[in-house]
Amino acid sequence: MTGTDSNTPQSATEYYWSELPKYIAAVDHAIATSQKIAMRPSDSRRQYWASVLFTRLCSAATSVLHLCPGSPVNRDGKHWDFSYLAPIIRSVVQTALMLFYLGTEDIGEDESRARLLVMQLRDCMERLLLFQNGGAGS
């Protein structure tokens with residue numbers, strides 16, 4: 001994170017404004033890719049889940065743009081609520097990891113099925129904990 005002079009650190013604001021166009025371009029490219037392959041039937045379970053996770057990734061990335069001042073959906077920059085970004089970014093990272101885990105490696109059908117079951121087990125456990133802890137205060 002340096003400015004034009006290698007000895008002068010770039011401020012957080014300067015860094016934000018230099019990186020925002022790159023993020024917008026990446027999101028636009030991802031959405032264009034998603035729309036280009038939309039409505040095609042999946043050849044396999046892995047391809048189906050990769051499609052679902054990629055769509056979720058695009059949706060969460062778009063949500064981030066709503067909270068980023070200067071983005072196409074928040075041009076006037078009146079909404080500067082970065083505290084809501086942390087859970088969305090966490091979801092983006094988890095989704096990206098799951099996309100790579102389920103959809104990118106060249107693995108056999110048995111391992112693919114096992115990975116999907118692990119993902120579903122984790123999801124079920126999180127829901128169980130959510131509902132168990134939801135009644136903790138009552």
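Just so we're clear, the structure is a prediction, and the values are computed from it rather than from any experiment. (Residues numbered from 1 in each chain as written. Predicted model: local features only at pLDDT ≥ 70, side-chain atom pairs only at ≥ 80, totals over all residues. Heavy atoms only, no water.)

Asker: Explanation requested: helix 1 (residues 12-36) in the structure shown.
Answerer: Side chains three or four residues apart in an α-helix point the same way, a direct result of the helix having 3.6 residues per turn. Counted at 1.5 Å a residue, the expected span for helix 1 with its 25 residues is 36 Å, and the 35 Å between its end C-alpha atoms agrees. The axis of helix 1 is deflected most strongly, by about 30°, at glutamate 19, and proline proline 21 appears within four residues downstream. Along helix 1, the residues classified as buried are Tyr16, Leu20, Ile24, Val27, Ala30 and Ser34. Where helix 1 is buried, its residues contact helix 2 (45-66). (Helix = DSSP H or I, 4+ residues; strand = E, 2+ residues; numbered from the N terminus. Expected span 1.5 Å × (residues − 1). Bend = angle between axes of the 7 residues up to and from the residue. Buried < 20%, exposed > 50% of the residue type's maximum accessible area, 1.4 Å probe, protein only. Contact = heavy atoms within 4.5 Å.)

Asker: I keep staring at the nonpolar core and nothing clicks. Help me out?
Answerer: Among soluble globular proteins, nonpolar side chains are generally buried collectively. Among the nonpolar cores identified, the biggest contains 10 residues, and these are Tyr16, Leu20, Ile24, Val27, Ala61, Val64, Leu65, Leu67, Cys68 and Leu85. Mapped onto this core, the elements with two or more residues apiece are helix 1 and helix 2. Considering each element in turn, this core owes the most residues, 4 residues, to helix 1. Residue contacts for valine 64: discarding those within four places in its chain leaves Tyr23, Leu85, Ile88 and Ile89. (Core = buried A, V, L, I, M, F, W, Y, C linked by side-chain atoms within 4.5 Å.)

Asker: Any chance you could explain empty space enclosed by the protein here in plain terms?
Answerer: Sizing a probe to match a water molecule and rolling it over the atoms shows the empty space that remains. Under the criterion given, the structure shown has 1 cavity of 30 Å³ or more. The space that makes up the largest cavity amounts to roughly 40 Å³. Around the largest cavity, the lining residues are Arg45, Arg46, Trp49, Leu102, Ser112 and Leu116. Counting residues per element, the lining of the largest cavity draws most heavily on helix 2, which supplies 3 residues. Class assignment of the residues belonging to the lining of the largest cavity gives a composition of 3 nonpolar, 1 polar and 2 charged. (1 Å grid on protein atoms, 1.4 Å probe; cavity = no way out; pocket = protein on both sides within 12 Å on 5 of 7 lines; lining within 4 Å. Points joined across faces, edges and corners; volume = space filled by probe spheres on them. Nonpolar A, V, L, I, M, F, W, Y, C, P; charged D, E, K, R; others polar.)

Asker: Help me understand the environment of glutamate 105, please; the structure alone is not making it clear to me.
Answerer: If you trace the backbone, glutamate 105 turns up in the loop between helix 3 (85-103) and helix 4 (109-134). Owing to a relative accessible area of 40%, glutamate 105 belongs among the partly exposed residues under this scheme. Setting aside chain neighbours within four positions, we find glutamate 105 in contact with Arg46, Phe100 and Arg115.

Asker: Would you mind showing me how to read unusual backbone geometry here?
Answerer: Leave glycine aside and you will find that most residues have negative phi; peptide bonds, for their part, are mostly trans. Phi is positive for methionine 39, close to 70°, though the residue is something other than glycine. Within the secondary structure, methionine 39 sits in the loop between helix 1 and helix 2.

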